[in-house]
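Below are the chains, spelled out letter by letter.
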Amino acid sequence: MKIAMFSSEVVPFAKTGGLADVAGALPLALEYCGHEVIVVMPAYRCVGEAKLKISRVSEGVTSSIIGKGVRVFFIENKPYFDRPGLYGNENGDYPDNLERFSFFCRRALESLKEIKFGPDILHLHDWQASLAAVYLKTLCSKDVFYKKIHSVLTIHNIGYQGIFAKEEFPKLGLDWGLFDIETFEFFNKVNLLKGGISMADFISTVSQTYAKEIQTPDLGFGLDGLLRKRRNVLSGILNGLDYSVWDPDTDRFITQNFSQAHPGDKALDKADLQKICGLRRDKDVPLFGMVSRLAEQKGLDILGGSLDEFCGTGAQLVILGTGDLKYHELLKKFSLKYPKSISLNLKFDDSLAHKIYAGSDIFLMPSRYEPCGLGQMISLRYGTIPVVFKTGGLADTVNRNNGFVFSSYRKEDLMKSVHKAVSAFGDKDKWASLVDNAMRCNFSWKISADKYIQLYAKAKKK
Ligand code: ADP
């Protein structure tokens, strides 16, 4: 099959979140399965920092290669994309984001023609690319080049929809008739993701549970009604994990490599983590790790309310993260109050993240909602037992055989799971079996890619 992906961020060229990982890894897994894939993204200022060779393709389009031969095309427009941030700066989102990404979608569609790549499937990611599904059915509908292309739109987090003032609608170059309740209109504003959801041939999101959750008023962020209407074409496919980066057997950042066959070697990583973080070196104290954006979504509200009780258990906790200042302050307060129990690291630090995944016994991820989540998949691979709230991708990857799951989003229920984990940790046989089950889990991209291929095949038949 021939697949073109449009994404506003792609590893290794530009990244603000998990979308970039997916857009960088899925094409390689599809290529490995024998499909022909190209990726199209904006030519941001940071693209050059990846230090990969970039060649000119045509006026306004350059390209590079990832994997064996996946071509990545960059859509140029200096005023729009030659900026320090992808979507905004310290003052907030760029005010012209509607123009920037409608330009990107239109130009990306044109570029397919210029490079003579007529895909079977146009795979679009998030609100920034979702307009392409609309243009395919409107501006491009009379052009034979685009007639056989089917679109798939993946929603990575429905909390981000691309919402703009109604007055901006004419800039999309579309008929005013589409500013209706069925398509773009959202509380008298323009909602770009909504337009894409209403027009894409198929819609996917990044876990099966999240695909159900976004159809509910609680987690649909206002789009649940439309998604219920389109449920026949909506599905969930879990993201994969890049095991060339996240493998305790080969990880370059950790003190001692270990594997499912030799999980005991993890003890050295624990001792090292305790030392680096200024915590008492003791193999018998349960060591919790947390690597996270410090945002409400990630469960910081219920965690904050539980820290007195948590420290009363005698367990240790290493936190690595940055985010909302109010959570920086809250966590600082507790780390000063309990310096022997909590090590707080308010920064982004890839190396320390690896050490935490490897050296902790238990991984805390009490997210209120989590479309897919990487942290729990990584921690499972490192035999670090996750404690999670039953939501989205966490519900699809963690269960009582490999972790601890609580199903009411309340600090009392979080703490019940923490107590259970602490007590299980004391039972060496039980713990060894949990660790073994965790390390056996396989979330490889190959599995996800196979599912996308099935979805593409369905879309192609439509
Ligand atoms: P999200 O994309 O919502 O932030 P995920 O769990 O899907 O959450 O992915 C987060 C990724 O970012 C994980 O790989 C995690 O290890 C990493 N990460 C988050 N915060 C930090 C940090 N402060 N330092 C290093 N890595 C981090």
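Please refer to the structure higher up on the page.
Just so it is clear, the structure is predicted and the values come from calculations on it, not from any experiment. (Residues numbered from 1 in each chain as written. Predicted model: local features only at pLDDT ≥ 70, side-chain atom pairs only at ≥ 80, totals over all residues. Heavy atoms only, no water.)

**Q** Which parts of the structure should I look at to understand the sheet that holds strand 3 (residues 55–58)?
**A** Each strand in a sheet pairs with its neighbour through backbone hydrogen bonds, running either in the same direction (parallel) or in the opposite one (antiparallel). One open sheet holds the nine strands; their spatial order is 3-4-5-2-1-8-9-13-14, and the pairing between them is mixed. The strands lining the two open edges of the sheet, one partner per strand, are strand 3 and strand 14 (234–236). Across this sheet, the average inter-strand angle for adjacent strands is 25°, counted without regard to direction. Pairing analysis gives four bridges linking strand 9 (residues 150–155) to strand 13 (residues 202–205), with the strands arranged parallel. Each residue of the ladder has a partner; that of threonine 154, found in strand 13, is serine 204. In the packing of helix 6 (residues 192–199) onto the sheet, contacts are made with strand 9 and strand 13, and the angle to strand 9 comes to roughly 135°. Set on the sheet, helix 18 (residues 445–461) makes contact with strand 1 (2–6), strand 8 (121–125), strand 9, strand 13 and strand 14; between it and strand 9 the angle comes to about 140°. (Pairing = 2+ DSSP bridges. Helix = DSSP H or I, 4+ residues; strand = E, 2+ residues; numbered from the N terminus. Axes fitted to C-alpha atoms, helices over the stretch in contact; angles between N-to-C directions. Contact = heavy atoms within 4.5 Å.)

**Q** Explanation requested: the sheet that holds strand 15 (residues 287–294) in the structure shown.
**A** Taken in spatial order, the six strands of this open sheet run 17-16-15-18-19-20, and their pairing is parallel. Edge positions in the open sheet fall to strand 17 (342–345) and strand 20 (404–406), since each of these has one partner strand only. Within this sheet the neighbouring strands show an average axis-to-axis angle of 15°, counted without direction. The strands touched by helix 16 (residues 411–425) are strand 15, strand 18 (362–365), strand 19 (385–389) and strand 20; relative to strand 20, the strand with the most contacts, the crossing angle is about 165°.

**Q** Help me out: how do you make sense of the packing of aromatic side chains in this one?
**A** Within a pair of aromatic rings, the relevant descriptors are the distance that separates the centres and the angle that separates the planes. Inspection of the entire model under this criterion finds 29 aromatic pairs. Note on phenylalanine 13 and phenylalanine 74: the rings are 4.9 Å apart at their centroids and 75° apart in plane angle, and the pair reads as edge-to-face. Here phenylalanine 74 lies in strand 5 (residues 70–75) and phenylalanine 13 lies in the loop between strand 1 and helix 1 (18–32), a separation of 61 residues in the sequence. Like phenylalanine 13, the residue phenylalanine 74 is buried in the burial classification. (Phe/Tyr/Trp six-rings, centres within 6.5 Å; stacked < 30°, edge-to-face > 60°. Buried < 20%, exposed > 50% of the residue type's maximum accessible area, 1.4 Å probe, protein only.)

**Q** Help me understand the site of the ligand in this model?
**A** Lining the immediate surroundings of the ligand are 18 residues, of which Arg293, Lys298, Lys347, Tyr357 and Leu374 lie closest. Contact distances for the ligand include 2.8 Å between an oxygen atom and a side-chain N or O atom of arginine 293. Note that an oxygen atom of the ligand is positioned 3.3 Å from one of the backbone N or O atoms of glycine 375. For the ligand, whose free accessible area comes to 570 Å², the fraction covered by protein is 84%. Residue assignment for the shell around the ligand shows that the elements contributing at least two residues are strand 15, strand 16 (316–323), helix 13 (350–359) and helix 14 (375–381). The dominant element in the shell around the ligand, judged by the number of residues it contributes, is strand 15, at three residues. Its residues assigned to classes, the shell around the ligand comprises eight nonpolar, five polar and five charged. (Near = heavy atom within 4 Å. Polar contact = N/O pair within 3.5 Å; in protein donor to acceptor, adjacent residues only side chain to side chain. Areas by Shrake-Rupley, 256 points an atom, 1.4 Å probe, with all protein chains shown as cover. Nonpolar A, V, L, I, M, F, W, Y, C, P; charged D, E, K, R; others polar.)

**Q** Mind showing me how you'd approach the nonpolar core here?
**A** Nonpolar side chains tend to gather and get buried jointly when the protein is soluble and globular. Residues Phe6, Tyr44, Leu109, Leu122, Leu172 and Phe184 are the most contacted members of the largest nonpolar core, which totals 93 residues. In terms of nonpolar packing, the next biggest core, distinct from the first, is built from 65 residues, Phe258, Leu294, Leu331 and Phe406 among them. (Core = buried A, V, L, I, M, F, W, Y, C linked by side-chain atoms within 4.5 Å.)

**Q** Looking at this structure, I do not really get the packing of helix 9 (residues 266–276) against helix 13. What am I missing?
**A** Each packed pair of helices is defined by two parameters, the angle between the axes and the distance between the axes. Taken N-terminus to C-terminus, the directions of helix 9 and helix 13 make an angle of 130°; their axes are 8 Å apart at the nearest point. In terms of orientation, helix 9 lies oblique with respect to helix 13. Between helix 9 and helix 13 the crossing geometry is left-handed. Touching Lys266, Asp269, Lys270, Asp272, Leu273 and Ile276 of helix 9 are Leu352, Lys355, Ile356, Tyr357, Ala358 and Gly359, all from helix 13. (Parallel < 35°, antiparallel > 145°, perpendicular 65-115°, else oblique. Left-handed = near helix turned anticlockwise from the far one by under 90°.)

**Q** So what exactly am I meant to see when it comes to the pairing of strand 5 here?
**A** Across a regular strand the side chains alternate sides, sitting on one face of the sheet and then on the other. Among the six residues of strand 5, five are classified as buried, and the element is accordingly described as predominantly covered. Relative to strand 5, strand 2 (residues 36–42) runs parallel, the two being bridged by five bridges. Within strand 5, the residue paired with valine 39 across the bridge is valine 72. Pairing geometry for strand 4 (residues 61–66) and strand 5, over six bridges, is antiparallel.

**Q** Where do I start with the side chain of aspartate 282 in this structure?
**A** Positionally, aspartate 282 belongs in the loop between helix 9 and strand 15. One polar contact links aspartate 282 to arginine 280, side chain to side chain, over a distance of 2.8 Å. Setting aside its immediate chain neighbours within four residues, aspartate 282 contacts Lys270 and Gln274.

**Q** Please clarify how the pattern of salt bridges should be interpreted in this entry.
**A** The full count for this structure, using the stated rule, is 25 salt bridges. Measuring nitrogen to oxygen at the nearest pair gives 2.9 Å for the salt bridge that ties arginine 56 to glutamate 76. Of this pair, arginine 56 sits in strand 3 while glutamate 76 sits in the loop between strand 5 and helix 2 (78–81), and the two are 20 residues apart along the sequence. When the shortest N-O distance is used, the salt bridge between arginine 107 and glutamate 114 registers 2.9 Å. The class of arginine 107 is buried, set by a relative accessible area of 13%. In this structure, a network of salt bridges that share partners links the residues Arg45, Lys78 and Asp82. (Salt bridge = Lys/Arg side-chain N within 4 Å of Asp/Glu carboxyl O.)

**Q** What is the right way to read helix 18 from this model?
**A** An α-helix turns once per 3.6 residues; consequently, residues spaced three or four apart project the same way. In this model helix 18 runs 24 Å from its N-terminal to its C-terminal C-alpha over 17 residues, within 8% of the 24 Å that 1.5 Å per residue would give. The inward-facing, buried residues of helix 18 contact strand 1, helix 1, strand 8, strand 9, strand 13 and strand 14. (Expected span 1.5 Å × (residues − 1).)

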